Amino acid sequence: MRRFLKAFSIGTASIARRMPNQRSMIVTGASSGIGRALALDAARDGFGVVAVARRTELLAEMALHIRANGGACAVVTTDVRAGDAPKRIVDSALNAFGR
């Protein structure tokens, strides 16, 4: 449990500083709760965000917020349990951010 808490407390800013200039992050469950908070923090820290969730309206609202604050966000509405979800998510990341 201690390792988990330590890893969780690092935050996206410290990760962002160690990565190349073109950074992207796939966030599942991004329409609410921890997923939404992670997506917003990642965008604020300079990541291009691929936001994934089932609720289109909430994803669109969050993406609008990220873009209005100068961030980049691609949206994938899907259930991650769907057979085609992994390919759709990765394709979206590649199309939006080239990685």
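Further up the page is the structure itself.
Okay, so let's go over this structure. These numbers were taken from a predicted model, which means no experiment stands behind them.

Criteria and thresholds
- Just so you know, the residues in each chain are numbered from 1, in the order the chain's sequence is written.
- In keeping with the predicted nature of the model, local features appear solely for residues at pLDDT of at least 70, side-chain atom pairs appear and are counted solely at 80 or more, and the whole-chain, interface and lining totals rest on all residues.
- With hydrogens and water stripped out, all remaining heavy atoms of the structure feed into the side-chain values.
- A run of H or I in DSSP becomes a helix once it reaches four residues, and a run of E becomes a strand once it reaches two; helices and strands are each numbered from the N terminus.
- Any two residues whose heavy atoms approach within 4.5 Å are treated as being in contact.
- All accessibility values rest on the Shrake-Rupley procedure with a 1.4 Å probe; residue burial counts only the protein chains present in the view.
- Only centres within 6.5 Å qualify two rings of Phe, Tyr or Trp (six-membered ring in Trp) as a pair; their planes then separate them into stacked at under 30 degrees, edge-to-face at over 60, and tilted for everything else.
- For a ring to carry a charge above it, either NZ of a lysine or CZ of an arginine must fall within 6 Å of the ring centroid while also lying within 35 degrees of the normal to the ring plane.
- Using a grid of 1 Å spacing that covers the protein atoms alone, one calls a set of points a cavity when a 1.4 Å probe fits there but cannot get out, and a pocket when the set is open and has protein on both sides within 12 Å along at least five of seven lines; lining residues are those with an atom within 4 Å of a point.
- Grid points are joined across faces, edges and corners, and a volume is the space filled by probe spheres set on the points.
- Throughout, the ten residues Ala, Val, Leu, Ile, Met, Phe, Trp, Tyr, Cys and Pro are labelled nonpolar, Asp, Glu, Lys and Arg are labelled charged, and all others, Gly among them, are labelled polar.

## Some remarks on the overall build of the chain
Line of reasoning, step 1. When helices and strands are counted, the chain shows 5 helices and 3 strands.
Line of reasoning, step 2. When its helices and strands are written in sequence order, the chain yields α-α-β-α-β-α-β-α.
Line of reasoning, step 3. Counting only contacts in the chain whose residues sit at least 6 apart along the sequence, the fraction spanning at least 24 positions is 49%.
Line of reasoning, step 4. Carbon and sulfur atoms form 57% of the exposed surface of the chain, whose accessible area is close to 6400 Å².

## Let's talk about the packing of aromatic side chains
Here a ring pair, both rings aromatic, is described through the centre-centre distance and the interplanar angle of the planes.
Line of reasoning, step 1. Inspection of the entire model under this criterion finds 0 aromatic pairs.
Line of reasoning, step 2. Cation over ring: Arg23 sits above Phe47, and NZ or CZ is 5.4 Å from the ring centre.

## Considerations on the layout of surface pockets
Line of reasoning, step 1. Approximately 170 Å³ is the volume attributed to the second largest pocket.
Line of reasoning, step 2. Lining the second largest pocket, in full, are Thr28, Gly29, Ser31, Val52, Ala53, Arg54, Arg55, Thr78, Asp79 and Val80.
Line of reasoning, step 3. Here the lining of the second largest pocket is built from residues that sort into 3 nonpolar, 4 polar and 3 charged.

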